[in-house]
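Structure assessment
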Amino acid sequence: MLRSVKARDYMTTNLVTFRAETDVYEAVEYLLHNKISGAPVVDDKGALIGMFSEGDCLRSTLNATYYEGQGGGEVHEYMSTQVDTVDPEDDIIKIADNFLKKSRRRLPVVEDGRLVGQISRRDILRAMKDFVISSEYAV
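Residues numbered from 1 in each chain as written. Predicted model: local features only at pLDDT ≥ 70, side-chain atom pairs only at ≥ 80, totals over all residues. Heavy atoms only, no water.

Examining the overall build of the protein chain
A count of helical and extended segments in the protein chain gives 5 helices and 4 strands. Beginning at the N terminus, the succession of helices and strands in the protein chain can be written as α-α-β-β-α-α-β-β-α. Of all 139 residues assigned to the protein chain, the portion counted as buried reaches 37%. A sequence separation of at least 24 residues applies to 59% of the contacts in the protein chain between residues at least 6 apart. By element, 50% of the accessible surface of the protein chain is carried by carbon and sulfur atoms, the whole surface being about 8,900 Å². (Helix = DSSP H or I, 4+ residues; strand = E, 2+ residues; numbered from the N terminus. Buried < 20%, exposed > 50% of the residue type's maximum accessible area, 1.4 Å probe, protein only. Contact = heavy atoms within 4.5 Å. Areas by Shrake-Rupley, 256 points an atom, 1.4 Å probe, with all protein chains shown as cover.)

Below, the structure is given as structure tokens:
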């Protein structure tokens, strides 16, 4: 039953995103304020160009410490540009397998080159609850 459930059905669409030129310290504020560990980086057309995470923030801080600089900079200087993505029509079993094989916690959902959402391990658990657990314990 879960095989027919698509990423589109459970993905989050209201995302915090950054632009390449976003200041690193501003990005840190957004991550902390929204209680998230990372966010997609998009261009002016909404195309995914990278991911910026807590690890990237740490790299920025350590870079400043090692080189006695001021730190900070722009998101594009530290973001990951090799980003695994999924299609909104991918089934969640395939996505769950991807999470386990690559130790990912979330994946951007891209359609026609544009970021349309993000799906996480927690979203997969919600699908499991809706389709497996609910039907198993239904009265």
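Structure shown, so let's carry the discussion forward.
A look at the packing of aromatic side chains
Tallied over the entire structure, the rule returns 2 aromatic pairs. Relative to tyrosine 30, the ring of phenylalanine 18 lies with its centre 6.2 Å away and its plane at 70°, an arrangement referred to as edge-to-face. Of the two residues, phenylalanine 18 is situated in the loop between α1 (7–10) and α2 (24–34) and tyrosine 30 in helix α2; the sequence distance between them amounts to 12 residues. Judged by its relative accessible area of 2%, phenylalanine 18 falls in the buried class. Residue class for tyrosine 30 comes out partly exposed when judged on its relative accessible area of 40%. Relative to phenylalanine 52, the ring of phenylalanine 18 has its centre 5.9 Å away and its plane inclined at 90°; by these criteria the two rings are edge-to-face. Residue phenylalanine 18 is located in the loop between α1 and α2, and its partner phenylalanine 52 is located in strand β2 (residues 48–53); the two are separated by 34 residues in the primary sequence. On the basis of relative accessibility, which here comes to 0%, the residue phenylalanine 52 falls in the buried class. What links up through ring pairs into an aromatic cluster is the set Phe18, Tyr30 and Phe52. (Phe/Tyr/Trp six-rings, centres within 6.5 Å; stacked < 30°, edge-to-face > 60°.)

Comments concerning helix α4 (residues 92–102)
Every buried residue of α4 is accounted for by Ile92, Ile95, Asn98 and Phe99. Down the axis of α4, the buried set is contained in an arc of 110°. They therefore lie on one face. Exposed and oriented more than 90 degrees from the buried face of α4 are Leu100 and Lys101. Between the side-chain oxygen of the N-cap and the backbone nitrogen of isoleucine 93 there are 3.0 Å, and the N-cap of α4 in question is aspartate 91. (Arc of directions from axis to C-beta. Polar contact = N/O pair within 3.5 Å; in protein donor to acceptor, adjacent residues only side chain to side chain.)

Here's the deal with the environment of arginine 122
By the secondary structure assignment, arginine 122 is in helix α5 (residues 121–136). Along the chain, arginine 122 and arginine 106 lie 16 residues apart, while their C-alpha atoms are 8.7 Å from each other.

What about the nonpolar core?
Nonpolar side chains tend to gather and get buried jointly when the protein is soluble and globular. Judged by nonpolar contacts, the single largest core of 13 residues is most densely connected at Val86, Ile92, Ile95, Phe99, Leu107, Ile119 and Ile124. Broken down by secondary-structure element, the contributors of at least two residues to this core are α1, α4, β3 (106–111) and α5. Looking at which element gives the most residues to this core, the answer is α4, with 3 residues. For valine 86, the contacting residues outside a window of four places in its chain are Ile95, Leu107, Pro108, Val109, Val110 and Ile119. Leu31, Ala39, Phe52 and Tyr78 belong to the second largest nonpolar core, which has 11 residues in total. (Core = buried A, V, L, I, M, F, W, Y, C linked by side-chain atoms within 4.5 Å.)

In short, geometric facts, not functional conclusions.
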